[in-house]
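Here is how the chains run, residue by residue.
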Amino acid sequence: MSLLTQYDADARSVRRVTRRFLIIAILVTLALVVAIFVRQGLLRQTVSFSFVADSAQDIAKGQAVRIAGFRVGSVTEVNLRDDGSVAVSLEVDAGNARFVTHDARIELRKEGLVGSPTLEIVPGPDKTRLASAQARLAFSRADGLGALANQVRDEFIPILRDIKAITGALADPQKGLPGTLAQIRASSEALNVLLANGNRQVDGIGGTAVRVLGKAEEDLKHLGQMLETANQRLPGMLDRTQQVLDHVEKITAEAETSVPPVLRDGSAIAADVREIVSGAKQTWPISSMVDAPGPSTLKPDSDPRGEAGRAR
Amino acid sequence: MRAEWLLVSVIFLGACGTTPKPVDPPRLKAALEAESDGAKRYQRGDYVVAGRRFADAMRQFAGIDDSIGSTRNRIHLARTHLALGRAEAALELLGAASDGATGDIDVLLLRSQALLALMRRSEAEKVLVAAEQSCAAKCPQLPSLKILQARAALADGRAAEAQALAGTAIKLLGDKDQAPETANAWRLTAAARLAAGDATGALASAQAALDIDRRLALPEKIAHDWLLIGNAHRYAMRDQVPGAAGEAAAAYSRALDVAHAAGLAEIATLAKQALQDVGAGKIPAK
């Protein structure tokens with residue numbers, strides 16, 4: 001009898017322990033599920049917005065949405081519409097929706113021009129009104145390297161045309177430099193002839209001298225007309241040259257602002273990679289496997305440029 | 001997934017099983033890494049970037065008051081300047097590395113190399129005398145010293161002496177793994193033989209230099225070797241060797257091709273001029 005009583009007590013004890021274990025297991029599982037939900041953002045409050053793009057290039061579901069570089073949401077849906085455009089829906093954390101003004105626009109940017117694409121919400125100038133939930137925002141793509149190259153090409157084409165026009169004008173056999181030079185040559189030849197005649201006839205001045213002076217006066221007038229023509233043409237040419245210089249100056253100014261960031265980004269990425277690699281190399285356990293380089297020696301080469309065999 | 005876990009476990013277990021190594025201070029490590037990177041780039045022929053890395057390393061070593069490391073990188077940088085044809089810059093660096101008369105033999109050899117490149121023969125000879133005194137019995141730099149002495153002798157018009165010195169260098173280099181120096185010695189022998197009027201011997205020596213330089217893939221030296229081969233054939237034209245003119249033109253064309261492809265403008269000009277001379281039937285005087 002006492003044996004049965006003992007058995008019942010043990011069975012109750014086992015049941016109690018099992019029940020406790022099951023309850024704890026369920027609680028832990030629930031806590032894990034809640035943690036996963038929180039981590040995945042399923043329990044956070046969000047505000048939905050949308051925009052329409054002409055192409056889905058560089059836009060994908062799950063893509064980060066940022067405001068001032070901070071991740072505030074993600075793309076939830078990308079659909080092709082009947083008219084061929086692309087409807088994109090995105091969710092922004094409710095806490096950050098205060099930055100999305102009614103005139104905000106969404107810009108597709110690339111990190112460092114060549115990095116991964118992200119959507120950046122750029123708030124508009126009117127901060128008094130916020131965008132309502134489900135609002136459709138304006139969308140634009142930031143210029144990539146291809147667009148920059150096209151821009152440079154577009155700037156260069158008019159310059160090349162100007163240069164072509166100027167060289168064409170200069171090379172014109174009638175109105176350009178060759179024509180002007182030919183006229184000057186003809187005039188100088190006429191003057192030479194005139195001087196030669198003058199020398200020959202210096203003894204018999206008189207009536208002949210008057211004619212010679214008259215001819216000289218005509219030639220000088222002719223020369224004056226030519227100089228006037230040159231004077232009229234030069235400002236035009238100088239103007240066009242000035243235009244070309246203006247173009248070049250403009251491009252240089254734009255390149256000054258657009259090119260250095262590209263270079264800076266490239267160098268920053270390289271520095272980051274170097275830092276990551278060197279950081280990894282210094283971290284245990286990798287550090288114990290990577291040997292630090294020792295002092296280097298270069299192979300002797302008393303004639304690195306092959307100058308000893310130089311043809312004398 | 002299992003394989004990844006296994007790999008991570010192996011790495012951790014392996015790391016745990018090893019005794020922690022003494023770690024170099026980060027600045028010293030950075031300086032050594034810059035030096036090592038520079039040396040790798042130098043061996044690849046990327047002299048411009050190698051120079052930058054050596055200059056970085058030199059600064060970093062100086063910053064931690066490591067005069068040995070700083071001097072070592074100063075010498076590396078001078079060597080890089082010489083490879084880039086900036087002999088004056090190399091000389092300036094080497095001047096700061098030693099006083100020139102009693103300095104380290106490597107520095108003396110580099111100084112003489114720079115002076116020869118600048119055509120300052122008498123100064124180069126003096127430095128080489130100092131180097132010979134520093135190089136006791138059979139110092140490892142003896143073949144390089146002989147080559148530089150041969151260069152100086154050839155530049156001074158002493159072709160026979162140059163040939164003998166270059167020959168000694170070739171013998172000394174016989175059992176050593178110093179291909180660039182061996183090619184230099186052969187090229188010098190070819191030039192000395194040519195100066196002495198031995199076109200056949202010069203051709204064989206230049207061919208030996210070319211074989212090594214091709215293996216080492218050094219465009220500037222390959223182009224110079226082809227120029228030498230062309231010159232040897234042109235000298236053979238004096239003895240009316242049949243086909244010598246064609247062979248000379250072919251060699252100069254190869255030099256021109258290599259120079260064009262590697263962007264060596266100076267050698268390209270030399271090759272073009274030589275081709276024109278061959279085309280015009282110009283034969284070198286005896």
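Look up a bit, the structure's there.
Cut-offs applied
- Residues numbered from 1 in each chain as written.
- Chains lettered and ligands numbered in written order.
- Predicted model: local features only at pLDDT ≥ 70, side-chain atom pairs only at ≥ 80, totals over all residues.
- Heavy atoms only, no water.
- Phe/Tyr/Trp six-rings, centres within 6.5 Å; stacked < 30°, edge-to-face > 60°.
- Helix = DSSP H or I, 4+ residues; strand = E, 2+ residues; numbered from the N terminus.
- Buried < 20%, exposed > 50% of the residue type's maximum accessible area, 1.4 Å probe, protein only.
- Pairing = 2+ DSSP bridges.
- Axes fitted to C-alpha atoms, helices over the stretch in contact; angles between N-to-C directions.
- Polar contact = N/O pair within 3.5 Å; in protein donor to acceptor, adjacent residues only side chain to side chain.
- Contact = heavy atoms within 4.5 Å.

## Observations regarding the packing of aromatic side chains
Right, so step 1: Under the definition given, this model contains two aromatic pairs over all chains.
Right, so step 2: Aromatic pair Phe51(A) and Phe139(A): ring centres 4.6 Å apart, planes at 15°, arrangement stacked. Placement of Phe51(A) in strand β1 (residues 46-53) and of Phe139(A) in strand β7 (residues 136-141) is noted, with a sequence separation of 88 residues between them.
Right, so step 3: With a centroid separation of 5.2 Å and an interplanar angle of 65°, the aromatic rings of Tyr42(B) and Tyr47(B) are classed as edge-to-face.
Right, so step 4: Residue classification places Tyr42(B) among the buried residues on the basis of a relative accessible area of 6%.

## Focus on the sheet that holds strand β6 (residues 117-122) of chain A
Residues and elements named next belong to chain A.
Right, so step 1: One closed barrel holds the seven strands; their spatial order is β1-β4-β3-β2-β6-β5-β7, and the pairing between them is mixed. Averaged over all adjacent pairs, the angle separating strand axes in this sheet is 35°, with direction ignored.
Right, so step 2: Where strand β2 (residues 64-67) and β6 come together, two bridges link them in parallel fashion. Bridging across to β6, Val 65 finds its partner in Leu 119.

## Things to note about the side chain of Asp213(B)
Residues and elements named next belong to chain B.
Right, so step 1: As for its position among the elements, Asp 213 is in helix α11 (residues 199-216).
Right, so step 2: Within the structure, Asp 213 has its side chain in polar contact with the side chain of Arg 187 (distance 2.9 Å).
Right, so step 3: If we ignore the near neighbours within four places in the chain, the residues touching Asp 213 are Ala 183, Arg 187, Leu 218, Lys 221, Ile 222 and Asp 225.

## Things to note about unusual backbone geometry
Residues and elements named next belong to chain B.
Right, so step 1: Positive phi values are uncommon outside glycine, yet Asp 65 reaches one of about 60°.
Right, so step 2: Looking at where Asp 65 falls in the secondary structure, it is placed in the loop between α3 (47-63) and α4 (67-83).
Right, so step 3: Phi is positive for Met 119, which is not a glycine, with a value near 65°.
Right, so step 4: Considering the arrangement of structural elements, one finds Met 119 in the loop between α6 (105-117) and α7 (121-134).
Right, so step 5: With relative accessibility at 64%, the residue Met 119 sits in the exposed group.

## A short note on the pairing of β1(A)
Residue and element names in this part refer to chain A.
Right, so step 1: Pairing of β1 with strand β4 (residues 86-93) involves eight bridges; the strand directions are antiparallel. Across the sheet, residue Ala 53 finds its bridge partner in β4, namely Val 86.
Right, so step 2: Pairing of β1 with β7 involves two bridges; the strand directions are parallel. Looking at the pairing, Phe 51 lines up with Leu 137 of β7.

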